[in-house]
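Next come the chains, spelled out residue by residue.
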Amino acid sequence: MTLHSFQDGERFIANSLGMLARAGITLEVGYDFDVYQNIITAARPEHILGLPFDPSVHQMSKDNAFWIVGYNAKGEVMHTQAMRMLDLAGNSLAEHLRRSFVDFPPPGLDIDFQRSRYRPGPGAGKILGKVAYHGEFWVGATPREFRNAGLSAVLGRYAFWQALEHWNPDNIIAFMQNSVVFKGFPARHGYMHTEPGTLRWFRKEDDTPIEGFMSYMSNEDLRFILEMPLTEFSVQAA
């Protein structure tokens, strides 16, 4: 499949970048995750880079990963997100994650991996082929600076478009904590499917679990979302 169904992405990218430009936002796409780590360390010293995008653990290049950093009109970092292709080695996503879910822990926590678990939903068992993992999503703008609901919608769709341009994946997945899902983030972001009870993480010496959903999009879903008019998700300076 190609992007011809929405004019090679020209309409989407022109509209989205136009909206962001009017809000004073510029985006940078990169592939060197050492550079990305330096950017977020300077801009968000409290943030710990997630294990899926740690350059000391994974070999990442333009062929299998990219990051996006957004800057406001003052040149300050106000947004990050990243994607990386997963190697399913011919297995379904459910089979892959049964062995490797420990590679996607919440950052900065002392996780008890013996008590933590992954429970695949029916969708995960059907996901095959080229799969991209989506994470590191953060918007640091305050409500006084941007209307964040529209902003996250446009930024999320921009990453979807980049994934299609780079790899044309069969699916994109993301893990989200319950608290984030219950606030409606997957819907604002553009994800069309969510599976509850996917991950349960236990911190050492703590019996209260951190639970999460898996959100996912098929290639067909991605194209459907990107064909929707962006005027419904307008971004404006407050």
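Above this text you will find the structure in question.
These numbers come from a predicted model, not from an experiment.

Draft legend 1. Region of interest: the overall build of the protein chain. Across its full length, the protein chain holds 8 helices and 8 strands. Taken across its 238 residues, the protein chain has 50% of its residues classed as buried. Across the protein chain, the fraction of contacts at a sequence separation of at least 24, relative to all contacts at a separation of at least 6, is 77%. Carbon and sulfur atoms form 50% of the exposed surface of the protein chain, whose accessible area is close to 11,500 Å².

Draft legend 2. Geometry of the side chain of Arg-44. Along the chain, the position of Arg-44 falls in the loop between helix H2 (33–43) and strand S2 (65–71). You can call Arg-44 buried: its relative accessible area is 10%. When residues no more than four places from it in sequence are discounted, the contact partners of Arg-44 are Thr-80 and Trp-138.

Draft legend 3. View of the pattern of salt bridges. Applying the stated criterion across every chain yields a total of 6 salt bridges. Residue Asp-112 is joined to Arg-115 by a salt bridge in which the shortest nitrogen-to-oxygen separation is 3.1 Å. One salt bridge in this structure joins Asp-207 and Arg-115, with 2.8 Å as the shortest N-O distance. One end of the pair, Asp-207, is in the loop between strand S7 (193–201) and strand S8 (210–218); the other, Arg-115, is in the loop between helix H3 (93–100) and strand S4 (117–118), with 92 residues separating them in the sequence. A relative accessible area of 31% means that Arg-115 is categorised as partly exposed.

Draft legend 4. Highlighting H3. Restricting attention to buried positions, one finds in H3 the residues Leu-93, Ala-94, His-96, Leu-97 and Ser-100. In a view along the axis of H3, the buried residues occupy a sector of 160 degrees, so they form one face of it. Within H3, the exposed residues directed more than 90 degrees away from the buried face are Arg-98 and Arg-99. Packing partners of the buried residues in H3 comprise strand S3 (77–86), S4, helix H4 (122–126), strand S6 (171–177) and S8.

Draft legend 5. Quick look at unusual backbone geometry. Notably, Ala-89 is not glycine yet its phi reads approximately 50 degrees, a positive angle. Backbone geometry places Asn-168, a non-glycine residue, at a positive phi of 50 degrees. With respect to the helices, strands and loops of the structure, Asn-168 is situated in the loop between helix H5 (148–166) and S6.

Draft legend 6. Molecular detail of the pairing of S8. Among the 9 residues in S8, 7 count as buried, and that is most of the element. Here S6 runs beside S8; their pairing, made up of 7 bridges, is antiparallel. Bridging across to S8, Phe-175 finds its partner in Met-214. Sheet analysis places S7 next to S8, joined by 6 bridges and oriented antiparallel. Note that in S8 the partner of Arg-200 across the bridge is Glu-211.

Draft legend 7. Broad picture of the packing of aromatic side chains. If you walk through the whole model with that rule in mind, you get 15 aromatic pairs. Considering the side-chain rings of Phe-101 and Tyr-118, the 6.4 Å spacing of their centres and the 25 degrees angle between planes classify their relative orientation as stacked. Separated by 17 residues along the polypeptide, Phe-101 in the loop between H3 and S4 and Tyr-118 in strand S4 bring together distant segments of the chain. The burial state of Phe-101 is the same as that of Tyr-118; both residues are buried. Ring-pair connections join several aromatic residues into one group, and the members of that group are Phe-33, Tyr-36, Phe-53, Trp-67, Phe-104, Tyr-133 and Phe-175.

The rules behind the values
- Residues numbered from 1 in each chain as written.
- Predicted model: local features only at pLDDT ≥ 70, side-chain atom pairs only at ≥ 80, totals over all residues.
- Heavy atoms only, no water.
- Helix = DSSP H or I, 4+ residues; strand = E, 2+ residues; numbered from the N terminus.
- Buried < 20%, exposed > 50% of the residue type's maximum accessible area, 1.4 Å probe, protein only.
- Contact = heavy atoms within 4.5 Å.
- Areas by Shrake-Rupley, 256 points an atom, 1.4 Å probe, with all protein chains shown as cover.
- Salt bridge = Lys/Arg side-chain N within 4 Å of Asp/Glu carboxyl O.
- Arc of directions from axis to C-beta.
- Pairing = 2+ DSSP bridges.
- Phe/Tyr/Trp six-rings, centres within 6.5 Å; stacked < 30°, edge-to-face > 60°.

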